[in-house]
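Chains, contacts and geometry: an overview
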Amino acid sequence: MPEIVVEGVSKTLGGMLTLGGVNLKAGDRDFAGILGPSGCGKSTLFNIISGLMRPDQGRVYIDGLDVTGRTGRVSYMRQKDLLLPSLNIVENVSIPLALKGMPKKRACAQAAAHFKQFGLDGFEKYYPSQLSGGMRQRAAMLRTYLFSSDILLLDEPFASLDAITKRKMQAWLIEVFNAISPTVMYITHDVDEALYLCDRIYVLSACPTVVKLEITVPFCRPPHGRTIVDREYGVIRDKVMEALEI
Ligand SMILES: Nc1ncnc2c1ncn2[C@@H]1O[C@H](COP(=O)(O)OP(=O)(O)O)[C@@H](O)[C@H]1O
Ligand SMILES: [Mg+2]
C-alpha cells in the first residue's frame, strides 16, 4: 500500500541548514497537507521525496522500501509546472507515457481516455495558450497522474488561480481524488485550502525547518459544503495560524 515516510531528513542549501530533521508521513490514500513559511524548504522536501535531490541525512520510504535519492516511484507536479507551448494538450499530457517508451499514438489515446474525468473533454487539440488557467492546471495534473497514479506530490498547484477558479478546482479535485483514491502530499500556503482538502496537516517551522504542528482534520470529505459552520473549524484554523505565526 502506498505509504510515504520521511524520516529525519535534513539538507543544507547554499551554506544554510534548510531542512533540520523533518519527520512526516502520508498513509495509504491520505491527503496530507504541508504548510510553512516561504523559503522554509517545502519544495526542497518534495525534491527529496521524489528522489530528485538527496538529503544530507535521513531517509525516504515508500511502501516500506528505502527510495532515498531514487526517482520514478512518485508523480511530482512541481511549483511552476508548465505545459510545453508547442505541443497540444493531448501531446503534453501523454509525455510521461511516451517517456516510458509507449508509442506516441497509443500514449495519446491512453491520455485522451482520461480527458473527460479531468474536465478537458473536447480540448485535446488545443494548445496551452488557448486554455484557461484552471484548465492548464487540470492538464498538468492529468500529466502528473499518468506518470504514476497512486502517489502524487503537488506543489502549490492552484496558487496562481483567482479565488473563484481556485474554489472550483478544489471541489473538482476532491471529486476526482474520491474516484481515483491516490495518496497525496499537497503543499499550499493557503490555510483554508489545507483545511478544505486535507485529512492531515503538517505545519513546518522557519529554517532550520522541522515539523512544528501535526494536525488531523476532523471534517470528512467532501467537507463543509458552501459555508464553514462547524465550530471546531475556527479552533483548528487558529491553531494552524498560530503555528505559522500569522
Ligand atoms: N538548489 C539550491 N541551492 C541553494 N539554495 C537553494 C536551492 N534551492 C532552494 N534554495 C534555497 O533554499 C530555501 C528553501 O527553498 P524552497 O524549498 O524553494 O522553499 P519553499 O518551497 O518552502 O518556499 C530558500 O531559501 C531557497 O532560496
Ligand atoms: Mg516552494
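Residues numbered from 1 in each chain as written. Chains lettered and ligands numbered in written order. Predicted model: local features only at pLDDT ≥ 70, side-chain atom pairs only at ≥ 80, totals over all residues. Heavy atoms only, no water.

Points about the site of ligand 1
Around ligand 1 sit Leu-13, Gly-14, Thr-18, Pro-37, Ser-38, Gly-39, Cys-40, Gly-41, Lys-42, Ser-43 and Thr-44, and those are all the residues in its vicinity. At 3.0 Å, a backbone N or O of Gly-41 approaches an oxygen atom of ligand 1. One nitrogen or oxygen atom from the main chain of Ser-43 is found 3.0 Å from an oxygen atom belonging to ligand 1. Expressed as a share of its isolated accessible area of 570 Å², the protein-covered part of ligand 1 is 55%. Here the element with the most residues in the shell around ligand 1 is helix 1 (residues 42–49); it accounts for three residues. (Near = heavy atom within 4 Å. Polar contact = N/O pair within 3.5 Å; in protein donor to acceptor, adjacent residues only side chain to side chain. Areas by Shrake-Rupley, 256 points an atom, 1.4 Å probe, with all protein chains shown as cover. Helix = DSSP H or I, 4+ residues; strand = E, 2+ residues; numbered from the N terminus.)

Considering the domain arrangement of the protein
When its domains are assigned, the protein resolves into domain 1 (1–74 + 152–246) and domain 2 (80–147). Taking only C-alpha atoms, the centre of domain 1 and the centre of domain 2 are 25 Å apart. Contact with domain 1, which involves 14 residues of that partner, is made by eleven residues of domain 2. Each partner contributes to the roughly 1100 Å² buried at the junction of domain 1 and domain 2, and carbon and sulfur atoms together form 78% of this total. Of all residues in domain 1, the largest losses of buried area upon contact with domain 2 belong to Met-169, Trp-172 and Ile-180, amounting jointly to 41% of the total for that side. Across the contact surface, domain 1 and domain 2 share zero salt bridges. (Domains from an automatic or database assignment. Contact = heavy atoms within 4.5 Å. Buried area = accessible area lost by both parts, 1.4 Å probe. Salt bridge = Lys/Arg side-chain N within 4 Å of Asp/Glu carboxyl O.)

Some points on the pattern of salt bridges
Applying the stated criterion across every chain, the model contains twelve salt bridges. In this structure, the salt-bridge partner of Arg-200 is Asp-30, at a minimum N-O distance of 3.3 Å. With Arg-200 in strand 9 (residues 200–204) and Asp-30 in the loop between strand 2 (16–26) and strand 3 (31–35), the pair connects residues that are 170 residues apart, well separated along the chain. Assessed through its relative accessible area of 17%, Arg-200 is described here as buried. Judged by its relative accessible area of 15%, Asp-30 is buried. The salt bridge involving Asp-63 is made with Arg-73; its shortest N-O contact spans 3.1 Å. Residue Asp-63 is found in the loop between strand 4 (57–62) and strand 5 (65–66), and its partner Arg-73 is found in the loop between strand 5 and strand 6 (75–77); the two are separated by ten residues along the sequence. By relative accessible area, which is 33% here, Asp-63 ends up partly exposed. (Buried < 20%, exposed > 50% of the residue type's maximum accessible area, 1.4 Å probe, protein only.)

Some points on the sheet that holds strand 6
Adjacent strands of a sheet pair through backbone hydrogen bonds, lying either parallel or antiparallel. What the six strands build is an open sheet, ordered 6-7-8-3-9-10; its pairing is mixed. Strands with a single pairing partner mark the edges of an open sheet, and in this sheet they are strand 6 and strand 10 (211–216). Ignoring strand direction, the axes of neighbouring strands in this sheet form an average angle of 15°. Sheet contacts for helix 5 (residues 133–147): strand 6 and strand 7 (151–155); angle to strand 6, the most-contacted strand, approximately 160°. (Pairing = 2+ DSSP bridges. Axes fitted to C-alpha atoms, helices over the stretch in contact; angles between N-to-C directions.)

Some words on the coordination of the magnesium ion (ligand 2)
Each donor-metal-donor angle would ideally measure 109.5 degrees in four-coordinate tetrahedral geometry, or 90 or 180 degrees in six-coordinate octahedral geometry. Distances from the magnesium ion (ligand 2) to its protein donors, namely Ser-43 (OG) and Gln-79 (OE1), fall within the range 2.1 to 2.5 Å. With Ser-43 in helix 1 and Gln-79 in the loop between strand 6 and helix 2 (89–93), this residue pair connects regions lying 36 residues apart in the sequence. Among the residues examined, Gln-79 registers a relative accessible area of 38% and is labelled partly exposed. (Donors = N, O, S within 2.8 Å, 3.2 Å for Na, K, Ca; no water.)

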